[in-house]
Amino acid sequence: DNAIEIDGLTKTYRGRFGQKEKRALKGVSLSVPRGSFFGLLGPNGAGKSTLINIMAGLVTKTAGTVRIWGADIDRDERGARLAIGVVPQELNLDPFFTPRELLEVQAGLYGVPKAERRTDEILALVGLSDKADAYARTLSGGMRRRLLVAKAMVHAPPILVLDEPTAGVDIELRQQLWEQVKELNRRGTTILLTTHYLEEAQELCDRIAIINHGDVVACEPKDTLLKRL
Ligand code: ADP
Ligand code: ADP
């Protein structure tokens, strides 16, 4: 069984307020093997965020099926949601929450019992142990990103999805973040990452799908794909 199985997925945003309809996904099929580090590569506007937001239950699909760790998002929404942690593109964080508080609140939302919470362990994993009790407003951009990774890991999902994690991040922080995500993958988490940097997909991913104008135009192991480019 695959970690993620997408079949014939379409999304048409209805044009409200006189806007035109937008076909953001035009029948996407995709399989993400368990344990893989999967890259979804494509330019701005290709449909990457739409795809991720559908998996995360934030956007409704128009047609097609999506199975996450075996759970169909139509039939077992809760199962699908528990299997996935999403690191959003925006660095929105309440400025007066500390990392420890944020992770505790998140654990509460997911119903993780107190005895099973791994707040300190997760903060250590993303290198934020010494910032555990600092207000989020005092954290750098790189630290905020890592805190959002930690937040997505609170319910110990087998799949972690990162939407353009290094957009606007400087080269040094990018390297740090890459190392951390690689380590999560080595420990068994399936990673799906979107990016518009070929270099990033090349460095990290063992499989790459290319998406453009709502169509997946190629999907194969990195080595064979890069030979053709
Ligand atoms: P549903 O998920 O219930 O099908 P839609 O996602 O189709 O609803 O509706 C979202 C609406 O929000 C769009 O039709 C559009 O008017 C507006 N909107 C939100 N974000 C954007 C965006 N990035 N570009 C254009 N319109 C947007
Ligand atoms: P990417 O993440 O690859 O940049 P998106 O999934 O954000 O691509 O967008 C795909 C297309 O759908 C774009 O043309 C975008 O403008 C459009 N779009 C995204 N969200 C909405 C929305 N809520 N309503 C209408 N159009 C949208």
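Structure shown above.
For the structure given in this document, a descriptive report is provided here. These numbers come from a predicted model, not from an experiment. (Residues numbered from 1 in each chain as written. Chains lettered and ligands numbered in written order. Predicted model: local features only at pLDDT ≥ 70, side-chain atom pairs only at ≥ 80, totals over all residues. Heavy atoms only, no water.)

What follows is about the pattern of salt bridges. Inspection of every chain in the model, using the stated rule, returns twelve salt bridges. Lys48 is the partner of Glu164 in a salt bridge, and the nearest nitrogen-oxygen pair spans 3.5 Å. Taken together, the residues Glu164 in the loop between β7 (159–163) and α6 (171–186) and Lys48 in helix α1 (residues 48–55) connect sequence positions 116 residues apart. Summarising the burial analysis for this pair, Glu164 and Lys48 share the class buried. Among the charged side chains, a network of salt bridges with common partners joins Arg100, Asp120 and Asp133. (Salt bridge = Lys/Arg side-chain N within 4 Å of Asp/Glu carboxyl O. Helix = DSSP H or I, 4+ residues; strand = E, 2+ residues; numbered from the N terminus. Buried < 20%, exposed > 50% of the residue type's maximum accessible area, 1.4 Å probe, protein only.)

Moving on, we come to the site of ligand 1. Near ligand 1 the following residues occur: Lys11, Tyr13, Arg14, Arg16, Gln19 and Thr60. Contact distances for ligand 1 include 3.4 Å between an oxygen atom and a side-chain N or O atom of Arg16. Here an oxygen atom of ligand 1 and a side-chain polar atom of Thr60 are 2.9 Å apart. Coverage of ligand 1 by the protein chains reaches 50% of its 570 Å² of free accessible surface. In terms of residue class, the shell around ligand 1 is built from one nonpolar, two polar and three charged. (Near = heavy atom within 4 Å. Polar contact = N/O pair within 3.5 Å; in protein donor to acceptor, adjacent residues only side chain to side chain. Areas by Shrake-Rupley, 256 points an atom, 1.4 Å probe, with all protein chains shown as cover. Nonpolar A, V, L, I, M, F, W, Y, C, P; charged D, E, K, R; others polar.)

Once that is clear, we can look at α1. Burial runs high along α1: six of the eight residues are buried. Taken together, the buried positions of α1 are occupied by Lys48, Thr50, Leu51, Ile52, Ile54 and Met55. Looking one or two residues past α1, Gly57 carries a phi angle of roughly 75°, positive in sign.

It is worth spelling out the environment of Val181 at this point. Along the chain, the position of Val181 falls in helix α6. Residue Val181 is classed as buried on the basis of its relative accessible area, which comes to 4%. Residues Val181 and Thr194, 13 residues apart in the sequence, show an inter-C-alpha distance of 13 Å. When sequence neighbours within four positions are dropped, the list of residues in contact with Val181 reads Phe37, Leu162 and Ile191. (Contact = heavy atoms within 4.5 Å.)

Turning our attention to the packing of aromatic side chains. Here the distance between the centres and the angle between the planes together describe a pair of aromatic rings. A complete count under the given rule lists one aromatic pair for this structure. With centroids separated by 5.7 Å and ring planes inclined at 80°, the aromatic side chains of Phe96 and Tyr135 adopt a geometry described as edge-to-face. Taken together, the positions of Phe96 in the loop between β6 (84–87) and α3 (99–109) and Tyr135 in the loop between α4 (119–125) and α5 (141–153) put the pair 39 residues apart, joining distant regions of the chain. Among the residues examined, Tyr135 registers a relative accessible area of 39% and is labelled partly exposed. The cationic tip of Arg174 hangs over the ring face of Tyr197; the distance from NZ or CZ to the ring centre is 4.8 Å. (Phe/Tyr/Trp six-rings, centres within 6.5 Å; stacked < 30°, edge-to-face > 60°. Lys NZ or Arg CZ within 6 Å of the ring centre and 35° of its normal.)

In short, shape yes, function no, at least from these values alone.
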